[in-house]
Amino acid sequence: SHAHGLCLIIDLLVDPENGVIGDANEIAGVGHRVVHGGERFSDPVLVTDEVIRAIEDTVPLAPLHNPPNLAGITTAMALFTQVPHVVVFDTAFFQTMTPEAYLYALPYALYTDLGIRRYGFHGTSHRFVSAECARLMGTTPAKINCITIHLGNGCSMTAVRGGKAVDTSLGMTPLAGLIMGTRSGDVDPAILTFLHREKGLSVEEIDTLLNKESGLKGICGQNDMRDIHAAIDRADESSPRAQLALDMACYRNRKYLGEYLAVLGRTDAVVFTAGIGENDAVVRAKTLQGLEHLGITLDPAKNTAKNSEARAIHADNSPVAVWVIPTNEELEIARQTCTVLAG
């Protein structure tokens, strides 16, 4: 249960030999990640009964994520009754997008009545790495434009102008945009009615197909990029489909990157992060392939060098910087929690 798990964590924190605090009373506040805050929350907030009701109201937009997030909040508040609790919303970073970026070309009443719009996700990651990029470049977030590329089993890309998100690839749900481990990313919406008509698939079956059986897995049967590289290297019957999955994913990355270069105009940096973004030199190289005329030139040696630290991988003459920056969503949540607690 959540309570059992959190109690185990507290025991580890205060363990006499390996813990980091002497007593649970040293904890001054608790920060919680909640996936979906709808349009209501653009900043972290203290947990109140009203905030909990607002999170509950948003459950239809994130039915798989917000309920367990709420369970975690309820459990932590029962264990830490004397300290403030803060919620950091994954969608908050994208509340700076303008209507032309977040609205869909659907009947407007679907937005006003049901909240159908682009919300974006991975917000704590994009906020963290865009700010880190500015720091590493010796400036402030307000002074640079960058494109942050979060590539893991879930993938997203965000255009950030002056520290504020102006567009992002994930949509009303985390299904849109780039090709992911098991999620399709963008597809022609008419495919869904076609599948219902021609294959007799139900809404639930189509939802499962798009979220759990598509993406890299749908193309080659593997959803871990390391397994895909291994299949390519084996040069057996599985290799062509594995190569196709890799090529499709990088092509989609490159298409979105081109869109966001156009959206931003002046772009100072491109940032790769998350499991694939931080560790897969092949994906980075194929994503940026052919973009030299747009000012993005990779240094092959820097790109392939093994390093777990934040690092620049662009050529010395590249007008646009290219960075690999490990994400740290837990640190970002802690920082935002401290900001709220400081008042």
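Residues numbered from 1 in each chain as written. Predicted model: local features only at pLDDT ≥ 70, side-chain atom pairs only at ≥ 80, totals over all residues. Heavy atoms only, no water.

## Points about the overall build of the protein
Selection criterion: The secondary structure listing takes helices from DSSP runs of H or I that are at least 4 residues long and strands from runs of E that are at least 2 residues long, numbered from the N terminus. Computation of the radius of gyration draws on C-alpha atoms alone. For the globule rule, the value is 2.2 Å times the number of residues to the power 0.38. The rule is simple: take the accessible area with a 1.4 Å probe, protein chains only, and divide by the maximum for that residue type; under 20% is buried, over 50% is exposed, in between is partly exposed.
Check the secondary structure of the protein and you find 15 helices and nine strands. Taken against the 2.2 N^0.38 rule, which gives 20 Å for 343 residues, the C-alpha radius of gyration of the protein at 21 Å falls within 12% of a compact globule. With respect to the three principal axes, the spread of C-alpha positions in the protein is 55 × 55 × 40 Å. Here the protein, with 343 residues, has 46% of them falling under the buried criterion.

## Description of unusual backbone geometry
Its identity as a non-glycine residue notwithstanding, histidine 122 has a phi of 60 degrees, on the positive side. Here histidine 122 shows up in the loop between α5 (108-114) and α6 (123-136). For alanine 274, which is not glycine, the phi torsion reads 75 degrees and is therefore positive. Position of alanine 274 among the secondary structure elements: in helix α12 (residues 274-279).

## Some thoughts on the packing of aromatic side chains
The condition that has to hold: Pairing of aromatic rings covers Phe, Tyr and the six-membered ring of Trp, with a centre-to-centre limit of 6.5 Å; geometry is then stacked below 30 degrees between planes, edge-to-face above 60, and tilted otherwise. Charges are assigned to positions over rings by a cutoff of 6 Å between ring centre and Lys NZ or Arg CZ, combined with an angular limit of 35 degrees from the ring normal.
Scanning all chains against the criterion turns up five aromatic pairs. With 6.1 Å between their ring centres and 45 degrees between their planes, tyrosine 102 and tyrosine 111 make a pair best called tilted. An identical accessibility class is assigned to tyrosine 102 and tyrosine 111; each is buried. Tyrosine 111 gets classed as buried once you look at its relative accessible area, which sits at 15%. Ring pairing ties together the aromatic residues Tyr102, Tyr108 and Tyr111, which thus form one cluster. The ring of tyrosine 102 carries arginine 117 above its face, with NZ or CZ at 3.7 Å from the centroid.

## Focus: a nonpolar patch on the surface
Using the following cut-off: Note on patches: the residues involved have over 30% relative accessible area and no salt bridge, like charges join within 9 Å, and the nonpolar side chains Val, Leu, Ile, Met, Phe, Trp and Tyr join within 5 Å. Note on areas: these come from Shrake-Rupley sampling with a 1.4 Å probe, and a residue is covered only by the protein chains present in the view. In the sections that follow, a salt bridge refers to a side-chain nitrogen of Lys or Arg positioned within 4 Å of a carboxyl oxygen of Asp or Glu.
Together, Tyr104, Leu106, Leu110 and Leu114 make up a nonpolar patch on the protein surface, roughly 350 Å² of accessible area in all. When you line up the elements, leucine 114 lands in helix α5.

## Things to note about the pattern of salt bridges
In the structure shown here, the tally under the stated rule is twelve salt bridges. Glutamate 50 is the salt-bridge partner of arginine 40, the closest N and O atoms lying 2.6 Å from each other. Placement of the pair is arginine 40 in the loop between β1 (30-34) and β2 (45-46) and glutamate 50 in helix α2 (residues 49-57), with a sequence separation of ten residues. Residue arginine 40 is classed as partly exposed on the basis of its relative accessible area of 49%. Glutamate 50 gets classed as partly exposed once you look at its relative accessible area, which sits at 44%.

## Focus: the packing of helix α10 (residues 225-234) against helix α11 (residues 239-264)
Helix-helix packing: each pair is described by the crossing angle between the helix axes and the interaxial distance. Counted only if it meets this: Note on definitions: angles span 0 to 180 degrees between N-to-C directions of axes, and those axes are lines fitted to C-alpha atoms, for helices only across the stretch in contact. Geometric relationships in this document are graded by angle, where less than 35 degrees denotes roughly parallel, more than 145 denotes roughly antiparallel, 65 to 115 denotes roughly perpendicular, and other angles denote oblique. The sense of a crossing depends on the near helix, which, turned anticlockwise from the far helix by less than a right angle, makes the crossing left-handed and, turned clockwise, makes it right-handed. The contact rule is simple, with two residues in contact once any of their heavy atoms fall within 4.5 Å. Note on residue classes: Ala, Val, Leu, Ile, Met, Phe, Trp, Tyr, Cys and Pro are nonpolar, Asp, Glu, Lys and Arg are charged, and everything else, Gly too, is polar.
α11 packs onto α10 with a crossing angle of 135 degrees between their chain directions and a minimal axis gap of 8 Å. Relative to α11, the element α10 is oriented oblique. Note that α10 runs across α11; the crossing there is left-handed. Only Ser239, Ala242, Gln243, Ala245 and Leu246 of α11 make contact with α10, whose side of the interface consists of Met225, Ile228, His229, Ala231, Ile232 and Arg234. Considered class by class, the residues forming the contact of α10 with α11 number seven nonpolar, three polar and one charged.

## Considering the sheet that holds β1
Definition in use: Strands were regarded as paired on the criterion that DSSP finds at least two bridges between them.
Judged by pairing direction, the sheet is mixed, and its three strands sit side by side in the order β1-β3-β2 without closing on themselves. Only two strands of the sheet have a single partner each, and these edge strands are β1 and β2. Where β1 and strand β3 (residues 85-89) come together, five bridges link them in parallel fashion. Opposite valine 30, over in β3, you have histidine 85 as the bridge partner.

## Considerations on the side chain of threonine 287
For threonine 287, the position within the fold is in helix α13 (residues 281-288). Setting aside residues no more than four positions away along its own chain, threonine 287 makes contact with Cys250, Asn253, Arg254 and Phe272.

## Things to note about the environment of tyrosine 260
With respect to the element layout, tyrosine 260 can be found in helix α11. Put simply, tyrosine 260 and cysteine 146 are 114 residues apart on the chain and 9.2 Å apart in space, counted from C-alpha to C-alpha. Not counting residues within four places of it along the chain, the set of residues in contact with tyrosine 260 comprises Ile147, Met157, Thr158, Ala159, Asp167, Thr168 and Ser169.

## Here we look at the sheet that holds strand β9 (residues 321-324)
Taken together, six strands build an open sheet; the order of strands is β6-β5-β4-β7-β9-β8 and the sheet is mixed. A single partner strand is all that each edge strand has here, and the edge strands are β6 (164-168) and β8 (311-312). Inspection of the sheet shows strand β4 (residues 145-151) paired to strand β7 (residues 269-273) by five bridges, in the parallel sense. Pairing of isoleucine 149 across the sheet is with phenylalanine 272, part of β7.

In short, geometric facts, not functional conclusions.
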